[in-house]
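Inside the fold
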Amino acid sequence: MDNQIHVQDLSWKPSELKKPVLNHIQTSIIKGGFYGILGPNGSGKTSLLRHLLSYLPAEEGNICLGEKKLSDYSRKELAKKFAHVPQNTNVDASFSVYDIIMMGRSPYQKRFGGITKEDERKVSEAMELMHCEEMKEKLITRLSGGEAQRVIAARAIAQDTPYLFLDEPISHLDIRYQIELMEALKTLNEERGTTIIAVLHDINMAAKYCRQILLMKNGKVFADGKTEEVLNVKNLESVYEIPFFQSIHPLTNTPYFIPQ
């Protein structure tokens, strides 16, 4: 079975706007890839992610998982295929960190079945991967923004889906936890085969960790392909409309870019 996500001529314009937010998007996400979605503010990155998650219906064009439209899947079916780390991680209810992460297991739990050993194992693995063990008894409302971001990421990891979508996952993290989260995503991708799709603002993080880049501008796909082919000075200057300097990191041998 074809497990790719196919985006076919996707357009979207909220009723209150004159111009479309997404304008004839064509792309495919291949299972097992590590994708970065980049572009300036207002380029349509989050709107595309929300359509990929089926939070917004595809009014023009189609999005398919394999040969089946996303709209033909039930929410429970999609919850076993897609997990999501949103940009806003505010949780008002006073749940413990452990309880929040266990919520990631809800698609697999029967109504009166209780928590299984498999649920406990997946939650333990997610907490270890995101370094949440020491705060598992704390209330989510008592955590800093960065700590809460790690917990929400752990919840998505515990959901154990083949696709993991993240919207600016490192925006509230200090540099240590930015690296730890990106390394955790790399581990999921390489060891479990999880397909990672992340909206990122940090071009150099994307250059280091992502294998494929979707570069957006004005609601359109400006460039789409392998990281080494898409991330270059010419493309970045065209999209962000500022000059860039490119060099090669002496330790990782990956390109890095400095706006000028």
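For the structure, check the block above.
Throughout what follows, the structure given in this document is the object of discussion. It should be emphasised that the depicted structure is a prediction, and the values quoted were computed from it without experimental measurement. Position numbers for residues start from 1 in each chain and track the written sequence from start to end. Only residues with pLDDT of at least 70 get local features here, since the model is predicted, and only at 80 or more are side-chain atom pairs given and counted; chain-wide, interface and lining totals rely on the full set of residues. Values shown for side chains rest on all heavy atoms present in the structure; no hydrogens or waters enter the calculation.

1. What about the side chain of K45?
Selection criterion: Helix and strand assignments follow DSSP, with helices taken as H or I runs no shorter than four residues and strands as E runs no shorter than two, numbered in order from the N terminus. The rule is simple: take the accessible area with a 1.4 Å probe, protein chains only, and divide by the maximum for that residue type; under 20% is buried, over 50% is exposed, in between is partly exposed. Charge counting treats Lys and Arg as positive and Asp and Glu as negative, with His and both chain ends excluded. Should a side-chain nitrogen of Lys or Arg be within 4 Å of a carboxyl oxygen of Asp or Glu, the pair is scored as a salt bridge. Pairs of N or O atoms within 3.5 Å make up the polar contacts considered here, provided that, within protein, one atom can donate a hydrogen while the other can accept it, and that residues adjacent in sequence are counted only when both atoms are side-chain atoms. Note on contacts: a residue pair is in contact if any heavy atoms of the two residues lie within 4.5 Å.
Tracing the sequence through the fold places K45 in helix 1 (residues 45-52). Here K45 occupies a buried position and makes no salt bridge, while the nearest side chain of opposite charge, E168, is found at 5.6 Å. Polar side-chain contacts of K45 include one of 2.9 Å to the backbone oxygen of G39. Leaving out residues up to four positions away in the same chain, K45 has contacts with I37, L38, G39, P40, V199, H201 and M216.

2. Quick look at unusual backbone geometry
For D9, which is not glycine, the phi dihedral falls at a positive 55°. Even without glycine at this site, H24 takes up a positive phi of about 55°. Relative to the helices and strands, H24 is located in strand 2 (residues 22-29). Overall, H24 belongs to the partly exposed group, its relative accessible area being 47%.

3. Re the pairing of strand 7 (residues 163-167)
Cut-off, in case you're wondering: When DSSP finds at least two bridges between two strands, those strands are taken to pair. Handedness rule for crossovers: strands pointing away from the viewer, path from the first strand over the helix to the second running clockwise, crossover right-handed.
Burial analysis of strand 7 places five of its five residues in the buried class, which makes it a mostly covered element. Where burial is concerned, the two faces of strand 7 agree: the one with Y163, F165 and D167 and the one with L164 and L166 are both buried. As paired strands, strand 6 (residues 82-85) and strand 7 are joined by four bridges and run parallel to one another. The residue bridging V85 from the neighbouring strand is L166, located in strand 7. Assessed by its sense of winding, the connection that carries the chain from strand 7 through helix 6 (residues 175-192) to strand 8 (residues 195-199) is right-handed.

4. A word on helix 5 (residues 145-158)
What sets the pattern is the α-helix's 3.6 residues per turn: residues three or four places apart point alike. Put simply, the test is: In a helix, the anticipated span is given by 1.5 Å times the number of residues less one.
Here helix 5 contains 14 residues, and its C-alpha end-to-end distance of 20 Å stays within 8% of the 20 Å for a straight helix at 1.5 Å per residue. Summarising burial for helix 5: eleven of the 14 residues are buried, a large majority. Tucked inside the fold, the buried residues of helix 5 contact strand 6, helix 3 (97-102), helix 4 (117-129), strand 7 and helix 6.

5. Examining the sheet that holds strand 6
Stated formally: Angular values range over 0 to 180 degrees, each being the angle between N-to-C directions of two axes fitted as lines to C-alpha atoms, with helices fitted over their stretch in contact.
Spatially, the six strands line up as an open sheet ordered 6-7-8-3-9-10, and their pairing is mixed. At either margin of the open sheet sits one strand with a lone partner, and together these are strand 6 and strand 10 (220-226). Sheet twist, expressed as the mean angle between neighbouring strand axes with direction ignored, is 15°. The pairing of strand 3 (residues 34-38) with strand 9 (residues 212-217) spans four bridges and is parallel.

6. Brief notes about empty space enclosed by the protein
What counts here: Think of a 1 Å grid over the protein atoms and nothing else: a 1.4 Å probe that fits but is trapped marks a cavity, an open set flanked by protein within 12 Å on at least five of seven lines marks a pocket, and residues with an atom within 4 Å of a point count as lining. Grid points are joined across faces, edges and corners, and a volume is the space filled by probe spheres set on the points. Three classes are used, and their members are as follows: Ala, Val, Leu, Ile, Met, Phe, Trp, Tyr, Cys and Pro are nonpolar, Asp, Glu, Lys and Arg are charged, and the others, Gly among them, are polar.
Enumeration over the complete set of coordinates arrives at one cavity of 30 Å³ or more. Its boundaries defined by the atoms lining it, the largest cavity holds a volume of some 70 Å³. Residue lining of the largest cavity: T27, S28, I29, Y35, I37, L48, L52, I197, L214 and D224, and that is the complete set. It is strand 2 that provides the largest number of residues to the lining of the largest cavity, a total of three residues. A breakdown of the residues in the lining of the largest cavity according to their chemical character gives seven nonpolar, two polar and one charged.

7. Structural notes on the nonpolar core
Our working definition: We call a set of buried Ala, Val, Leu, Ile, Met, Phe, Trp, Tyr and Cys residues a nonpolar core when their side-chain atoms join them within 4.5 Å.
Of all hydrophobic cores here, the largest spans 53 residues; its most connected members are I101, C132, V151, L164 and L185. The contacts of I101, once residues within four sequence positions are left out, are V123, A126, M127, C132, V151, A154, R155 and A158. Counting residues in hydrophobic clusters, the runner-up holds 27 residues, among them V7, L10, L48 and V199.

8. Some words on the sheet that holds strand 4 (residues 60-65)
Taken in spatial order, the four strands of this open sheet run 2-1-4-5, and their pairing is antiparallel. Pairing within the sheet leaves two strands with one partner each, and these edge strands are strand 2 and strand 5 (68-69). Sheet topology places strand 1 (residues 5-12) next to strand 4; five bridges connect them, and they run antiparallel. Residue pairing across strands places I5 opposite L65, the latter belonging to strand 4. The sheet contacts of helix 1 involve strand 1, strand 2 and strand 4, and relative to strand 1 the element is tilted by about 125°.

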